[in-house]
Amino acid sequence: SIESYLKSILQGFQAQVGGLYELANKASDRHARRYNPAKHHAKLAVNCAVTLCEFLLESYQYQQDLAKKRIAR
């Protein structure tokens, strides 16, 4: 039961993951580089990835803490 505005934010994260995947394929050293991002585009991608990782880690920790509280009851 997630509020609609939170669902919108989470759907945005899904779009970010897709965008980061595409950027990694086109601009990384793993493949023939087809795109050389400008500094501000690269910074945006890195900051999006950091924000997403922080959200996932903090969500995991929140769920772990909830589980511990339930067990302690």
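Residues numbered from 1 in each chain as written. Predicted model: local features only at pLDDT ≥ 70, side-chain atom pairs only at ≥ 80, totals over all residues. Heavy atoms only, no water.

1. A word on the overall build of the protein
- A tally of helices and strands in the protein yields two helices and zero strands.
- For the protein, whose C-alpha radius of gyration is 17 Å, the value lies well above the compact-globule estimate of 11 Å for 73 residues.
- In terms of overall dimensions, the protein has C-alpha extents of about 55 × 25 × 20 Å along its principal axes.
- The buried share of the protein, taken over its 73 residues, is 10%.
- As displayed, the protein offers around 6,400 Å² of accessible surface, 59% of which is attributable to carbon and sulfur atoms. (Helix = DSSP H or I, 4+ residues; strand = E, 2+ residues; numbered from the N terminus. Rg over C-alpha atoms; globule rule 2.2 N^0.38 Å. Buried < 20%, exposed > 50% of the residue type's maximum accessible area, 1.4 Å probe, protein only. Areas by Shrake-Rupley, 256 points an atom, 1.4 Å probe, with all protein chains shown as cover.)

2. Remarks on the packing of aromatic side chains
- Inspection of every chain in the model, using the stated rule, returns one aromatic pair.
- Where phenylalanine 13 meets phenylalanine 55, the ring centres are 5.2 Å apart and the plane angle is 40 degrees; that geometry is what we call tilted. Taken together, the positions of phenylalanine 13 in helix 1 (residues 4-27) and phenylalanine 55 in helix 2 (residues 39-72) put the pair 42 residues apart, joining distant regions of the chain.
- By relative accessible area, which is 13% here, phenylalanine 13 ends up buried. (Phe/Tyr/Trp six-rings, centres within 6.5 Å; stacked < 30°, edge-to-face > 60°.)

3. Digging into helix 2
- An ideal rise of 1.5 Å per residue puts 50 Å on 34 residues; helix 2 measures up with 49 Å between its terminal C-alpha atoms.
- Within helix 2, the full set of buried residues consists of Ala45, Cys48 and Leu52.
- Contacts from the buried residues of helix 2 go to helix 1. (Expected span 1.5 Å × (residues − 1). Contact = heavy atoms within 4.5 Å.)

4. Points about helix 1
- Over its 24 residues, helix 1 runs 34 Å from end to end, which matches the ideal 34 Å to within 8%, given 1.5 Å per residue.
- Residues Phe13, Asn25 and Ala27 constitute the buried set of helix 1.
- Buried-residue contacts for helix 1 involve helix 2.

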